[in-house]
Amino acid sequence: MTTHDEHDHPLRWGVLGATSYIATHLMPAVASTPGCALTAVASRPERHAAAAELGRTYGATAHADYQALVEDPAVDAVYIPLPNTDHVDWTLRALAAGKHVLVEKPMAMDEEGCARIEKAAEAASRTVMEAFMYRFHPQQRRAAEILRSGEIGELRLVRASFAFRIESGSGNIRLDPALGGGATWDVGCYAVDVPLLFFGEAPHQVSARFSGRPGLTVDTSAAATMDFGQGRSAVVDYSIDYGPRAAYELQGTHGTLTVRNAWAMEGEDGVITVLSGDGVREETVPSANHYQRQVAAFAQAVRDGSPAPMSLAESRRTARVSSAFVASAAAGGAAVVTSGEVTETR
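First, a word on scope: everything that follows refers to the structure included in this document. Treat the numbers as computed from the prediction; the structure is a model and nothing was measured.

Analysis parameters
- Residues numbered from 1 in each chain as written.
- Predicted model: local features only at pLDDT ≥ 70, side-chain atom pairs only at ≥ 80, totals over all residues.
- Heavy atoms only, no water.
- Helix = DSSP H or I, 4+ residues; strand = E, 2+ residues; numbered from the N terminus.
- Rg over C-alpha atoms; globule rule 2.2 N^0.38 Å.
- Buried < 20%, exposed > 50% of the residue type's maximum accessible area, 1.4 Å probe, protein only.
- Contact = heavy atoms within 4.5 Å.
- Salt bridge = Lys/Arg side-chain N within 4 Å of Asp/Glu carboxyl O.
- Phe/Tyr/Trp six-rings, centres within 6.5 Å; stacked < 30°, edge-to-face > 60°.
- Core = buried A, V, L, I, M, F, W, Y, C linked by side-chain atoms within 4.5 Å.

**Comments concerning the overall build of the protein chain**
A count of helical and extended segments in the protein chain gives nine helices and 16 strands. Rg of the C-alpha trace for the protein chain: 20 Å, near the compact-globule value of 20 Å for 346 residues, within the 12% margin. Seen through its C-alpha atoms, the protein chain measures out along the principal axes to roughly 55 × 45 × 40 Å. Within the protein chain, buried positions represent 53% of all 346 residues. In the protein chain, 66% of the contacts between residues at least 6 apart in sequence involve partners at least 24 apart.

**Observations concerning the pattern of salt bridges**
Per the stated rule, a full pass over the model turns up 21 salt bridges. A salt bridge links E111 to R316; the nearest nitrogen and oxygen atoms lie 3.9 Å apart. With E111 in helix 5 (residues 111-124) and R316 in helix 9 (residues 312-331), this residue pair connects regions lying 205 residues apart in the sequence. Exposure remark for R316: the relative accessible area of 23% places this residue in the partly exposed category.

**Quick notes on unusual backbone geometry**
Excluding glycine, residues mostly have negative phi values, and the peptide bonds linking residues are mostly trans. A cis amide bond links K105 with the next residue in sequence, P106, at an omega value of -5°. Examined against the element boundaries, P106 turns out to sit in the loop between strand 5 (100-104) and helix 5. Of note, the bond from G243 into P244 is cis; its omega dihedral lies within 30 degrees of zero at 5°. As for its placement among the helices and strands, P244 is situated in the loop between strand 10 (232-239) and strand 11 (245-252). Look at S125: it is not a glycine, yet its phi comes out positive at around 55°. With respect to the secondary-structure elements, S125 resides in the loop between helix 5 and strand 6 (128-131). Within the chain, Q230 stands out as a residue other than glycine whose phi angle is a positive 55°.

**A few points about helix 4 (residues 87-96)**
When we look at burial in helix 4, the residues that qualify are H87, V88, W90, T91, A94 and L95. Those residues of helix 4 hidden inside the fold are in contact with strand 1 (11-16), helix 3 (66-70), strand 4 (77-80), strand 5, helix 5 and strand 6. One or two steps after helix 4, the chain reaches G98, where phi turns positive at roughly 85°.

**As for the packing of aromatic side chains**
On inspection of all chains with the given rule, the structure shows 13 aromatic pairs. Here Y190 and W263 contribute two aromatic rings whose centre-to-centre distance is 5.5 Å and whose plane-to-plane angle is 75°, an arrangement assigned as edge-to-face. Within this pair, whereas Y190 is found in helix 7 (residues 188-199), its partner W263 is found in the loop between strand 12 (255-259) and strand 13 (270-276), the two being separated by 73 residues in sequence. The class of W263 is buried, set by a relative accessible area of 18%. When the centroid spacing of 5.4 Å and the interplanar angle of 40° are considered together, the rings of F198 and Y248 count as tilted. Taken together, the positions of F198 in helix 7 and Y248 in strand 11 put the pair 50 residues apart, joining distant regions of the chain. Among the aromatic residues, those joined into a cluster by ring pairs are F132, Y134, F162, F164, Y190 and W263.

**Side note on the nonpolar core**
Soluble globular proteins tend to pack their nonpolar side chains together in the buried interior. Judged by nonpolar contacts, the single largest core of 79 residues is most densely connected at W13, F162 and F325. For this core, the leading source of residues is helix 7, giving eight residues. Judged by nonpolar contacts, the second largest core, of 24 residues, contains L16, Y66, V75 and M107.

So this is what it looks like as structure tokens:
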């Protein structure tokens, strides 16, 4: 893997879709991270003026189109927060131009897309990581430490609920099926990822039921179960009909650990509650900017050639399980998860 020396110059970032909501969180994170600099932005033609204004804020060049940015020799790494259906294409284009890539979740809407990216990243000797910012908040690390300590016993059940409301008629791209909209490929990715993170593997089988809002053709709410075998399960729900909510619970053989808000932003402390035979206790995890920590972790992986903290194998797994949710909901039964495609439903 090609390394990057911050003593030669900082890791220079370019942002596609710079006027998007999520980019407005990532850009200040880049600008505030030592060893990083925001040098270029790009947007759709109709948003170029707004992107140029944002660029001036950071001293960044505003390109007229996305391809010009990925070919800019003054850019080392590209951040891609475009509509879901554009993630694979622009990640591959950026890799072909020799850039490192941080791409918003979902990296791809199927495992095959993730595999294409992994092959291209290896060929280009570049770092690619899926942007699950919540993983970089220290409360998730602390939850994992408590689990490993044995305080709540062996993990048996994960409950995760992630939701926020999007109003109909808002023009939000998450409501457009042509752009990969719907709850599953947006907020659902978090609900899927939490059990995979703490169990450290994919489930054998999932069963999901989707519902939609009148007048929309995308899924807007879901409830699902995941069977990990050996008496281990997960129960998740996610929605763009209700919220906000980003809570999860780890149920062990001797107790329960609850994270109140996995999306805790800068200025909001994380709160972890532990219930066991010894009673109830709370831990406060000091506030942190998980976007900035994500940027710093990605930059460090680029700099020293180490594996990205969110691996491409994990991204393939998340896409595989999310696809199984879709298959299960469509078939009205359980979907079996394999190392490749979903092979059967029943």
